[in-house]
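Coordinates in review
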Amino acid sequence: MIEVVWFKRDLRVEDHAALCAARGRVLCLHVIEPAFWRGEDASPRQWRFARAALADLRARLAALGLPLVVRVGEAVEVLADLHARHGIAALHSHEETGNLWTYARDRAVGRFCRAHGIPWREQPQPGVIRRLADRDHWAARVAAQMDAPPLAPPRGLIPCTEEPEGEIPEEPCAWNPADGLARPQPAGRAAALGLLESFLAGRGSEYRRGMSSPLTAGRVCSRLSPHLAFGSLSLREAVRRVREGLAALEAMEARARPIPPGAAQSLLSRLHWRAHFMQKLESEPALEIRAAHPAAEAARRPTAPDDARLRAWAEGRTGWPFLDACMRALIAEGWITFRMRAMLQAVASHHLALDWRASGLVLARRFTDYEPGIHWPQVQMQSAATGINAPRLYNPIKQGLDHDPEGRFIARWIPELAPLPPVLRHMPWKGEPGLYPPPLLDAAEAARAARARLAAQRAAPGFEAAARAVFARHGSRQRRLHEDDPMARRAREAARAARARRQLRLDL
Ligand SMILES: Cc1cc2nc3c(=O)[nH]c(=O)nc-3n(C[C@H](O)[C@H](O)[C@H](O)COP(=O)(O)OP(=O)(O)OC[C@H]3O[C@@H](n4cnc5c(N)ncnc54)[C@H](O)[C@@H]3O)c2cc1C
C-alpha cells in the first residue's frame, strides 16, 4: 500500500501540509491534465511557467529522496491505475480553489475515493477557509493561519520507487504553443525567494509611487503573482518574510532603510487582499460564470468570441493608444500592473459594453499569473457586477496622461506614434488623423451611456436588498457597504440635503 501526495497548484516542498501529513510509503504525484490545459482560460504562457516550476519541484523532492511521478491524463484514471497496482491507503492534497473545471474534477476524484474507500485528506491552503458561512469571523481565522509558522519539509519519508517517474512533456496537449509571449518571467522557488529579497533590499523603495504606472510597475512591484498562483511559495511564507522584513526596517535608523516601512506594509495589505479575493471564489465558485449581483446578471448580454469590438480590444487596436499599448505589453510580457488590468477590464465592460466573461477569458489567457480566485472576482468588481463596489469608469485617455505623461510607454509599444509630440501620442487623431486607426468610440459618450445603464440597474426595485446579501457573503468587514461608492455617496448627500431642507421648513 502507498499514500499518494497529489501536487496541484502547490508546487513546493516547504509549507506543504499535504506532504507533511503523508505516512508510510509515499508516492508524490502530479497529473498533467490535457482537458484542463485545453480550457478557455488556459494558455501556453501559463504552461511554460508551470512546466519550469514542476521541473524545479522534481529537483527539490529528489533532494528529500522522493521521486516526483508525472502522468499525463485524467486524474481519476491515473489514481485508479495506481490503486489497482499498489493500493492507495490515503490521498493527500491541498484544498484547491481553482476554476469550475478543477471543481468538477475534484468532485469526480471525491466520488472515486469514496467508491474505493480511500480517505482523501485535503489540507486548507493558508488564506482560504472552506465551507465558510459568512465573512464575519474570516479575518481572525486567516490571521491565525498566517501567525502559525510555515511547515518545514518533512524528512525521512519512505519513497515508493516502483513507479517510473515519467517525462514532463514539452506541451500538455495539442495546441499552438506560440501565444506572443516574448519575455517570460523565470519560474521556480529560487526565483520566487529572490524576488522577495530584492523587493525588501531596495527594489520596493518606489513601490507605492511606482506601482500604478506601466513605466515603473514591472520593476517596483513584487512580481510574486505567478509564484503564488502555482504555489512555488505559499502565501504564509510570503507574509512571514515581509513581516520579518518590516520589523527589521522599523528597527533601523530611517536613513539606513533600503525601503520605507510603508512599502512593506503596502505589500502586506496586497497579500491580504489576495486571501480576501480567493475566499470569494472559494465561497461561490459560480462567480467564474455568473454575476454576483442578480441585477448585473440579468443585464448581461453574451459577447461572441469573434465580436469585432472584442477582437479590437484583445489585439490592442481600439484606437485609444494608451489602452492599446497596455494590451500589447501584456501580450508580450504576460504581466501588467493592477491599475492597467483594472482599466483594460473596465473599458471592455463599460465603454465597449462587452460581456465581462468574454473579456475576462481573454485576460485570463494573457496573464501568466492567472489565478481564478483573484481573477473572476476582480473582473466582476471592475465590471460593476458585484453591486457592492464603487463602479469605476477609467477614461483610457486620462489614464494615459496620468501614468505616461510623456507618452514613452505608448512610443515603446506603438512605435509609429513615437515621432508625435507627447500629448498627441495619446490622441493622434487630433494631430495626424491617418497615422493611427481612430478610436472605436467617443470615450466620453461611451462613458455617459455606461453610467446611464448602471444607474438604471441600481434604481431597480430590490437592488439594495440583493446588494446586502452579496455583502454578507463576500464583503470585507473592514468597510461598510457602499462607503466607497460615488453613486451611493451622492444619494446619501442628497438625502442629507433633503433632511436639512425639511428642517428649514419647520417653523420653530
Ligand atoms: C481585472 C483584474 C484581473 C486580475 N487577475 C489576477 C490574476 O489572475 N492573478 C493574480 O495574481 N492577480 C490578478 N489581479 C490582481 C493584481 O493585478 C495582481 O495580483 C498584481 O498586479 C500582480 O503583480 P505583483 O505580484 O507584482 O503584485 P504586488 O502589487 O507586488 O502584490 C503582491 C501580491 O498580492 C496579491 N495582490 C496584489 N494586488 C491584488 C489585488 N488587487 N487583488 C487581489 N490580490 C492582489 C497578488 O497575489 C500579488 O502577487 C487582477 C486584477 C484585475 C484588476
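Residues numbered from 1 in each chain as written. Predicted model: local features only at pLDDT ≥ 70, side-chain atom pairs only at ≥ 80, totals over all residues. Heavy atoms only, no water.

So, on to the site of the ligand. Surveying the vicinity of the ligand reveals 27 residues, the closest of which are Y207, S222, R223, W335 and D369. Here an oxygen atom of the ligand and a backbone polar atom of R223 are 2.7 Å apart. One of the side-chain N or O atoms of R341 is found 3.5 Å from an oxygen atom in the ligand. At the level of elements, α10 (225-230), α12 (261-283), α16 (338-351) and α18 (372-382) are the ones that each hand at least two residues to the shell around the ligand. In terms of residue count, the dominant contributor to the shell around the ligand is α12 (six residues). Residue composition of the shell around the ligand, by class: 15 nonpolar, six polar and six charged. Inspection of the shell around the ligand shows a minimum of three residues originating in each of domain 2 (189-283) and domain 3 (291-477). (Near = heavy atom within 4 Å. Polar contact = N/O pair within 3.5 Å; in protein donor to acceptor, adjacent residues only side chain to side chain. Helix = DSSP H or I, 4+ residues; strand = E, 2+ residues; numbered from the N terminus. Nonpolar A, V, L, I, M, F, W, Y, C, P; charged D, E, K, R; others polar. Domains from an automatic or database assignment.)

Now for the domain arrangement of the chain. Each assigned domain of the chain is listed with its residue range as follows: domain 1 (2-123), domain 2 (189-283) and domain 3 (291-477). With centres defined by C-alpha atoms, the gap from domain 1 to domain 2 works out at 28 Å. It is R9, F49 and T97 in domain 1 that bury the most area against domain 2; as a group they hold 41% of the surface buried on that side. Across the contact surface, domain 1 and domain 2 share two salt bridges. (Buried area = accessible area lost by both parts, 1.4 Å probe. Salt bridge = Lys/Arg side-chain N within 4 Å of Asp/Glu carboxyl O.)

With that out of the way, let us pick up the pattern of salt bridges. Here the structure, examined in full by the defined rule, presents 39 salt bridges. Put simply, R51 and E170 hold a salt bridge, and the shortest N to O gap is 3.5 Å. Here E170 lies in the loop between β6 (158-159) and α7 (189-201) and R51 lies in helix α3 (residues 44-63), a separation of 119 residues in the sequence. Across the salt bridge formed by R130 and E122, the nearest N and O atoms sit 3.4 Å from each other. Where salt bridges share partners, they join K8, E33, E96, R105 and D106 into one cluster.

This brings us to the packing of aromatic side chains. As enumerated under the stated definition, the model contains ten aromatic pairs in all. Seen from their ring centres, F49 and F230 are 5.7 Å apart, and the 35° between their planes marks the pair as tilted. Placement of the pair is F49 in helix α3 and F230 in helix α10, with a sequence separation of 181 residues. Here the two residues F49 and F230 agree in accessibility, since each one is buried. Three or more aromatic residues joined by ring pairs form one cluster here, namely F36, W37, W47, W101 and W175. In this structure, R135 packs its charged tip against the face of W138, placed 4.5 Å from the ring centre. The residue whose ring lies beneath R357 is W376, and the NZ or CZ to ring-centre distance is 5.1 Å. (Phe/Tyr/Trp six-rings, centres within 6.5 Å; stacked < 30°, edge-to-face > 60°. Buried < 20%, exposed > 50% of the residue type's maximum accessible area, 1.4 Å probe, protein only. Lys NZ or Arg CZ within 6 Å of the ring centre and 35° of its normal.)

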